[in-house]
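# Remarks on the overall topology
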Amino acid sequence: MDNALRILLMFQQTPELRVTDVARRLGVSRSTAHRLLTTLCGRGLAVQDGRTRAYVPGRTLVDLAHALSRRPDLLGLLRPHLVELCARLGETISAQVFQGPDVVFVDGVEAERVLKAGLRTGAKMPAYAVSGGKAYLAELNTAEVRALYPRGLVKLTSHTPGDFEALEQELAQVRARGYAVNLEGTETGLHAVGAAVHDHAGRAIAALAVSAPAQRLGPERRHEVGASLIQAARSVEAELGSLQ
């Protein structure tokens, strides 16, 4: 089941897959990769192109994507909160969404300061390295987190969690206080705080995050910022709920 889901996630990065590609990326034999793809085809989640022999998303998967795209405009709901948080806190604010093991920065408002964190809109980073991603991972159990990173964790800086034990310690702290922090885990001298936004079913679907030079996000300020992010996230969730 896990490998089949991983194949579906691969379609996020490429429009078509071949048996050899799937076997290599999953670390399985060609016969196993072929069997998994055949199973997905049987469920309408993939289909084999008769000309190229490559596999592409099937009608069932396409219909599911269309159904999800018709949900309330999440980015539209997040935008005014980004603007308000930036004005109130005076720091760069970002919105992030989750794509498997990664987060994608989908929107942001940059602080009007000389010394500030820059926008990363459009960037994709490992969830375990950024504050918004940690807020998401904290809602998974240990097995689910490890399944997202079958090859382990790669350190982006000397402060990035480098193993699952260190990451789990951080995630336990996130669960206890309700927000996550990134202390130079992606860039030296940069701190960030993030909180998850949930849908009506209680699933984390996005995150709001504040990024700033480390000297402006010490422990007391991080707590203040975390409380503001949680409040904003709850407001977004209430707006989402009213649109269901």
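Please read these numbers as outputs of a predicted model, since none were measured by experiment.

## Here we look at the layout of surface pockets
- Considering only enclosed or pocket space, the second largest pocket measures out at about 190 Å³ in volume.
- Among the elements that line the lining of the second largest pocket, the one with the most residues is strand 3 (residues 92–99), at four residues.
- Tallied by class, residues from the lining of the second largest pocket come to eight nonpolar, eight polar and three charged.

## Some remarks on unusual backbone geometry
- A positive phi angle, close to 70°, is found at R53, a residue other than glycine.
- Among the secondary structure elements, R53 is positioned in the loop between strand 1 (46–48) and strand 2 (55–57).
- One non-glycine residue, E184, lies in the positive phi region at around 65°.
- Within the secondary structure, E184 is located in the loop between strand 6 (180–183) and strand 7 (190–198).

## Side note on the packing of helix 5 (residues 74–89) against helix 9 (residues 219–242)
- Put simply, helix 5 and helix 9 touch, their axes get as near as 10 Å, and they point 150° apart. On the basis of the axis angle, helix 5 is roughly antiparallel to helix 9. Here helix 5 and helix 9 pass one another in a crossing that is right-handed. Contacts from L74, L77, L78, H81, L85, R88 and L89 in helix 5 reach R221, E224, V225, S228, L229, A232, S235, V236, E239 and L240 in helix 9.
- A breakdown of the residues in the contact of helix 5 with helix 9 according to their chemical character gives ten nonpolar, three polar and four charged.

Definitions and cut-offs
Residues numbered from 1 in each chain as written. Predicted model: local features only at pLDDT ≥ 70, side-chain atom pairs only at ≥ 80, totals over all residues. Heavy atoms only, no water. 1 Å grid on protein atoms, 1.4 Å probe; cavity = no way out; pocket = protein on both sides within 12 Å on 5 of 7 lines; lining within 4 Å. Points joined across faces, edges and corners; volume = space filled by probe spheres on them. Helix = DSSP H or I, 4+ residues; strand = E, 2+ residues; numbered from the N terminus. Nonpolar A, V, L, I, M, F, W, Y, C, P; charged D, E, K, R; others polar. Axes fitted to C-alpha atoms, helices over the stretch in contact; angles between N-to-C directions. Parallel < 35°, antiparallel > 145°, perpendicular 65-115°, else oblique. Left-handed = near helix turned anticlockwise from the far one by under 90°. Contact = heavy atoms within 4.5 Å.

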